[in-house]
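# Architecture and fold: a report
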There are 2 protein chains.
Amino acid sequence: MDGDMNIRSRQILEAIIEDYICTAEPIGSSAIRSSHGISLSTATIRNVMADLEEMGFLASPHTSAGRIPTDKAYRFYVDSLLAVKSVERSEREEIRRRCTVDGRDVDGVFREISHMLSSVSHYMGIVAAPRFNANFFRQIDFIRLGSRRILAILISQSGSVQNRIIEPQEDISTDMLVKMANYLNALLQGLTISEVKRRILEEMQSEKIRYDNMLASALKLSEQAFDENSSGLFIEGQANIFAQPEFADAQRMKELFRAMEQKNQLLALLDGCLKAPGVNIFIGSESHLNNMSGMSLITSTYISGKNTLGVLGVIGPTRMGYAKVIPIVDYTAKMLTRILTVE
Amino acid sequence: MDGDMNIRSRQILEAIIEDYICTAEPIGSSAIRSSHGISLSTATIRNVMADLEEMGFLASPHTSAGRIPTDKAYRFYVDSLLAVKSVERSEREEIRRRCTVDGRDVDGVFREISHMLSSVSHYMGIVAAPRFNANFFRQIDFIRLGSRRILAILISQSGSVQNRIIEPQEDISTDMLVKMANYLNALLQGLTISEVKRRILEEMQSEKIRYDNMLASALKLSEQAFDENSSGLFIEGQANIFAQPEFADAQRMKELFRAMEQKNQLLALLDGCLKAPGVNIFIGSESHLNNMSGMSLITSTYISGKNTLGVLGVIGPTRMGYAKVIPIVDYTAKMLTRILTVE
DNA sequence: AATTAGCACTCCAAACGGCTGAGTGCTAAC
DNA sequence: GTTAGCACTCAGCCGTTTGGAGTGCTAATT
């Protein structure tokens, strides 16, 4: 807590963290001296380590094991010690190569990038697709699938496509559907999706609607169509995480998978990142997610023009190669920003 | 092999399989006598077990353990011994409740059913969405996203929506795109998607096209748009499988997850099921999938009108509650058939 | 001839105990 | 302030023991 973090303490803390990131095993006083060029006796190092433990940066699994870094240590590390590397040439090429859109479908772009993040980082990749809500309305279409079943297709300015199956109370003819779509397309042009929702509600209140059956059902249909429901969260490379020694035990693994199934919680966290542009790092409990102790999350935002569209990142153990992964996430976000910005 | 499967042998084999399905532990001769009302001495049972082992129905992990059923035993069990239960009332209600389409998107329907299959069966749920290819063409739309980026939206008769981002060589105006779409919609009406592809190629050969730039680019665009790429395979409930004792060990788990990432192989297998309507069961190595030893797959086909649209099912350990899961899969397939059949 | 009781045998799994070595904290010397 | 020295701790490994579950074989029984 106090300013007693002299240079030597820092050096030693850094050495412990970096060794631990490599080996995943508790680090002892002698390991430090041999690996990094620190010319102090093991006794002195032990003294420093005891101080660091008291300050909450280190913990020991049991008396005769070495020390392992705490979340607080990682936090200090990324804030003060970390020298971020630049992305390696080969990785940069892979990222560039796999960040393409031609011939893919919209979801496919995000899924592929999530996949790529996982294989380049060797952890899990995560991409939150743009919130449909934050987008501008472009077009709505209705297609009659059956006597009382309609497919609504919604397209946003940025090209996200959503569809909804709607089962109205009574049958609506194809002609009528076309008219409805025309009416709505005119009405909603240029609004954001959240404005669209408000507008639909306003319009439904209005007097003239009450006397026009067609308009009323059009609005009702569209109201259902704009009901948000799909998550748009792509998590890939879960099998990667098996390679990490901390998950050799099946219990931990199970917890982690349960956590990944709670997509809503994750999504809420990522939504929070939208307001903080650039790279964000959540270490261990900082994410306030259940079953995510021992895991860290590195995110960055991607942008199109002036709009922050979404968030992507990497999930791995707190013992993560921050120096390598941070620039990967950063670079990928920039690439995605670039391919989403046309003209 | 030979017909030496008298009633007693069958009874004992059945007892072993059913006990093993419950406990996941090798079954000894005494366990059989106590559990099922078989009034024979353990010695006699041991003799029968030795015969069954010789015939390839049982295996013993080591001399002083009990016996476990082989794949062949499970196969015999489902073919000859199994008394399929009916679906429990509460389960039937859950299936019914979660098989709805109103308000969902098309993928959402299949994803939800996959999820439901996993939570009702306690294994993994799997749903292959209808192959776009096997569908009838309904409509194509082009939307200009940017100077050299177009969003193509394809809709099939059954309501599947696909989209593709296409980056053509040169810019195409919005007006032009509308014309192209009109031309293609007229040209391709009433064809299946696979016929569509052939038709596009034929048309591109034709003389008149060579002199009409617009038509030529329209065809080129649509050719790209109909390039199949999305898998449409929904696997849910992977965390469920952790509860199974055979996956307590992380190594097995890892293999299984690698297998699940090979979606193409799975998809090929499911495609094969399209030709065999109704319930299909693959036990252990019968699926011929890598890393799927020890796993079984129960599938059924779902239908709309006369067309077999797709396949759904449950993946679990070979030691699976077949008597319970088979009717669940069957019932779910029928429910999905029902909700896909409108009018 | 089929069934069963009896028995010797096998082998895994859990428990036990001793040993080792890595690592620590403390104290006294430098 | 730093370091050498030392006693102490404790997880992990290894070899041994023990117990029990289960088998296969043989001889007695029905």
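Residues numbered from 1 in each chain as written. Chains lettered and ligands numbered in written order. Predicted model: local features only at pLDDT ≥ 70, side-chain atom pairs only at ≥ 80, totals over all residues. Heavy atoms only, no water.

A few words on the overall build of chain A. In terms of helices and strands, chain A carries 13 helices and 10 strands. Compactness check: chain A gives a C-alpha radius of gyration of 26 Å against a globular reference of 20 Å for 343 residues, more than 25% above the reference. Within chain A, buried positions represent 52% of all 343 residues. Intrachain contacts of chain A at a sequence separation of at least 6 include 61% that bridge at least 24 residues. (Helix = DSSP H or I, 4+ residues; strand = E, 2+ residues; numbered from the N terminus. Rg over C-alpha atoms; globule rule 2.2 N^0.38 Å. Buried < 20%, exposed > 50% of the residue type's maximum accessible area, 1.4 Å probe, protein only. Contact = heavy atoms within 4.5 Å.)

A few words on the protein's contact with DNA strand D. For DNA strand D, the set of nearby residues contains 20 residues, the closest of which are A:R8, A:T44, A:T63, B:S29 and B:R46. Near the protein, within 4 Å, the atoms of DNA strand D are sugar or phosphate in 75% of cases. Measuring from a phosphate oxygen of DNA strand D, one finds a side-chain N or O atom of A:R8 at 2.7 Å. The side chain of A:S64 places a nitrogen or oxygen atom 3.2 Å from a base oxygen of DNA strand D. Sorting the residues of the surface near DNA strand D by element identifies helix 3 (42–54) of chain A together with helix 2 (29–35) and helix 3 (42–54) of chain B as the ones contributing at least two each. The element best represented in the surface near DNA strand D is helix 3 of chain A, accounting for four residues. Among the residues making up the surface near DNA strand D, the classes are represented as four nonpolar, 12 polar and four charged. (Near = heavy atom within 4 Å. Polar contact = N/O pair within 3.5 Å; in protein donor to acceptor, adjacent residues only side chain to side chain. Nonpolar A, V, L, I, M, F, W, Y, C, P; charged D, E, K, R; others polar.)

This part takes up the protein's contact with DNA strand C. Around DNA strand C sit 20 residues, and of these A:S29, A:R67, B:R8, B:T44 and B:T63 come closest. A breakdown of the atoms of DNA strand C within 4 Å of the protein gives sugar and phosphate a share of 75%. A distance of 2.8 Å is found between a phosphate oxygen of DNA strand C and a side-chain nitrogen or oxygen belonging to A:S29. A distance of 3.4 Å separates a base oxygen of DNA strand C from a polar atom in the side chain of B:R46. For the surface near DNA strand C, the secondary-structure elements that each account for two or more residues are helix 2 (29–35) and helix 3 of chain A together with helix 3 of chain B. No other element matches helix 3 of chain B, which puts four residues into the surface near DNA strand C. Its residues assigned to classes, the surface near DNA strand C comprises four nonpolar, 12 polar and four charged.

Okay, a positive patch on the surface next. On the surface, A:R111, A:K263, B:R111 and B:K263 cluster together to form a positively charged patch. Along the chain, the position of A:R111 falls in helix 6 (residues 106–121). (Patch = residues over 30% accessible without salt bridge, like charges linked within 9 Å, V, L, I, M, F, W, Y side chains within 5 Å. Areas by Shrake-Rupley, 256 points an atom, 1.4 Å probe, with all protein chains shown as cover. Salt bridge = Lys/Arg side-chain N within 4 Å of Asp/Glu carboxyl O. Lys, Arg positive; Asp, Glu negative; His and termini not counted. Charge placed at Lys NZ, Arg CZ, Asp CG, Glu CD.)

Moving on, we come to the interface of chain A and chain B. Contact with chain A, which involves 48 residues of that partner, is made by 49 residues of chain B. Note on chain A versus chain B: buried area summed over both sides is about 3,900 Å², and carbon and sulfur give 57% of it. Looking at the side of chain A facing chain B, the largest losses of area belong to A:R149, A:I165 and A:F242, adding up to 14% of the total buried there. For the interface between chain A and chain B, the tally reads 12 residue pairs in polar contact (both at pLDDT 80 or more). (Buried area = accessible area lost by both parts, 1.4 Å probe.)

Think of it as a corkscrew move, a rotation about one axis and a shift along it, taking one chain copy to the other. Superposing chain A onto chain B requires a rotation of 179° together with a translation of 0.0 Å along the rotation axis, leaving an RMSD of 0.1 Å. A rotation of that kind, with that shift, is consistent with a two-fold axis. Among all residues of chain A, the one whose C-alpha sits closest to the rotation axis is A:A250, at a distance of 2.7 Å. An overlap of 100% is found between the interface residues of chain A and their copies at the interface of chain B, pointing to a shared contact surface. (Least-squares fit on C-alpha atoms with pLDDT ≥ 70 in both.)

Further remarks concern the environment of A:R138. Mapped onto the fold, A:R138 is located in strand 4 (residues 137–146). Along the primary structure A:R138 and A:V109 are separated by 29 residues, whereas in three dimensions their C-alpha atoms are 20 Å apart. What A:R138 contacts, discounting residues up to four positions off in sequence, is A:I155, A:S156, A:Q157, A:N185, A:Q189, B:I143, B:R144 and B:L145. One polar contact links the side chain of A:R138 to the main-chain carbonyl oxygen of A:Q157, over a distance of 2.8 Å. Of note is the side chain of A:R138, whose polar atom sits 3.2 Å from the backbone oxygen of B:R144.

The phi torsion at A:H288 lies on the positive side, around 55°, for a residue other than glycine. Among the secondary structure elements, A:H288 is positioned in the loop between strand 8 (280–283) and strand 9 (295–304). One non-glycine residue, B:H122, adopts positive backbone phi at about 70°. Looking at the secondary structure, you find B:H122 in the loop between helix 6 (106–121) and strand 3 (124–128). Exposure remark for B:H122: the relative accessible area of 48% places this residue in the partly exposed category.

Let us look at the sheet that holds strand 7 (residues 233–236) of chain A. All names here are of chain A. Strand order across the open sheet formed by five strands is 7-3-10-9-8, with antiparallel pairing between neighbours. The sheet is open, and its two borders are formed by strand 7 and strand 8, each paired with just one other strand. Sheet twist, expressed as the average angle between the axes of neighbouring strands with direction ignored, equals 15°. Across 10 bridges, strand 9 lies against strand 10 (residues 307–317) in antiparallel orientation. Across the sheet, the residue bridging to I303 is T308, located in strand 10. (Pairing = 2+ DSSP bridges. Axes fitted to C-alpha atoms, helices over the stretch in contact; angles between N-to-C directions.)

Turning our eyes to something else, we now look at the environment of B:D171. All names here are of chain B. Relative to the helices and strands, D171 is located in the loop between strand 6 (161–166) and helix 7 (174–188). Owing to a relative accessible area of 42%, D171 belongs among the partly exposed residues under this scheme. Along the sequence, D171 and I150 sit 21 residues apart, while their C-alpha atoms lie 9.2 Å from each other. A distance of 3.2 Å separates polar atoms of two side chains, one belonging to D171 and the other to R144.

Counting residues in each nonpolar core, the largest one holds 187 residues, and the members touching the most others are A:Y322, B:I12 and B:Y322. What B:I12 contacts, discounting residues up to four positions off in sequence, is B:I32, B:I38, B:L40, B:I45, B:V48, B:M49 and B:L52. (Core = buried A, V, L, I, M, F, W, Y, C linked by side-chain atoms within 4.5 Å.)

By themselves, these are just geometric observations and shouldn't be taken as functional.
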